[in-house]
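Fold and geometry: a report
Next come the chains, spelled out residue by residue.
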Amino acid sequence: LGRVNVPVIASRQDTFETISTIKATPVFLTADSIEKISLTCSLVDQHLDERFIDMFIDDIEEDREEEAKERKETGGGDIGPKLFQHFMLGKARSLQKTIILPEGNDIRIVEAASILATRKLCKVLLLGTPSVVADHKTKLGVELDGVTHIDQDDLERFPQLEEMAEALYEARKEKGMTK
């Protein structure tokens, strides 16, 4: 394995006892623990060496080809939602596209911006009133490191937004978007 980073748990117990102990450990993470979840995802992405996983890819690909053949023969479905999400997040992280969130005065959008930035999924431009965004950030207890904040009352500093808005309008006008 050389210098591959792999999470390891050392235990004096046998495997079954160790897993049972881990399973019985109380979890202090809830669906509302957005920052903890985002931080955990980010740390896993940063510190789990994909070369370790790559060592198993050949076997997995062979298994997938066999499964795909079986699904074709039996009419079964595709990959599961978790695996699909994993692949899509990895692709987004590697592409580093820019996303503009125009409703930065909405607390849910501020939360989304924090998650996207923490997980390093894309470059984020957040459009909103600075004081409102700051209030939401404080209420949520999140950071907006890596998020470019654009004051909606000072759009002259970002002339490229007009071009982007026009491109969005052109792409969506047939679906009912108006200027």
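By convention here, each chain's residues receive numbers from 1 onward along its written sequence. Confidence filtering applies because this is a predicted model: local features only for residues at pLDDT of at least 70, side-chain atom pairs given and counted only at 80 or more, and all residues used for totals across whole chains, interfaces and linings. Side-chain numbers come from the whole structure's heavy atoms, not from hydrogens or water.

Structural notes on the overall build of the protein chain
This is how the line gets drawn: Helix and strand assignments follow DSSP, with helices taken as H or I runs no shorter than four residues and strands as E runs no shorter than two, numbered in order from the N terminus. For the exposure calls, accessible area comes from a 1.4 Å probe over protein chains only, and a residue counts as buried if that area is under 20% of its type's maximum, exposed if over 50%, partly exposed in between. Any pair of residues with heavy atoms lying within 4.5 Å of one another is described as a contacting pair. Computed with the Shrake-Rupley method and a 1.4 Å probe, the accessible areas treat only the protein chains shown as cover for residues.
From N to C terminus, the protein chain includes seven helices and three strands. Reading the protein chain from its N terminus to its C terminus gives the helix and strand order α-α-α-α-β-α-β-α-β-α. Taken over 179 residues, the protein chain has a buried fraction of 17%. Considering only contacts within the protein chain whose residues lie at least 6 apart along the sequence, 57% involve residues at least 24 apart. Carbon together with sulfur atoms contributes 56% to the accessible area of the protein chain, which is approximately 13900 Å² in total.

As for the pairing of strand β3 (residues 147–151)
How we decide: Any two strands with at least two DSSP bridges between them are considered paired. By convention a crossover is right-handed if, when the strands point away from the viewer, the path from the first strand over the helix to the second runs clockwise.
Note: strand β2 (residues 123–128) against β3, five bridges, orientation parallel. Of the residues in β3, the one forming a bridge with leucine 127 is isoleucine 150. Taken together, β2, helix α6 (residues 130–140) and β3 constitute a β-α-β crossover, and its handedness is right-handed.

Some remarks on helix α1 (residues 15–24)
Defined as follows: Contacts described as polar in this section are N or O atom pairs within 3.5 Å, which, within protein, must combine one atom able to donate a hydrogen with one able to accept it, while residues neighboring in sequence count only if both atoms come from side chains.
Counting buried positions over the 10 residues of α1 gives one, only a small fraction of the element. N-cap assignment for α1: the residue whose side-chain oxygen lies 3.2 Å from the backbone N of phenylalanine 16 is aspartate 14.

Overview of the nonpolar core
Let me state the cut-off plainly: Buried Ala, Val, Leu, Ile, Met, Phe, Trp, Tyr and Cys residues form a nonpolar core when they are joined through side-chain atoms within 4.5 Å.
One finds Leu101, Ala113, Leu116, Val124, Leu126, Leu144 and Val147 to be the most contacted residues of the largest nonpolar core, which totals 13 residues. Broken down by secondary-structure element, the contributors of at least two residues to this core are α5 (107–118) and β2. Per-element tally for this core: the top contributor is α5, with five residues. For leucine 101, the residues in contact, after removing those within four places along its chain, are Ile109, Ala113, Leu116, Val124, Leu125, Leu126 and Leu127. Leu125, Ile150, Phe158 and Leu161 belong to the second-largest nonpolar core, a separate cluster that totals five residues.

Geometric values such as these leave the question of function open.
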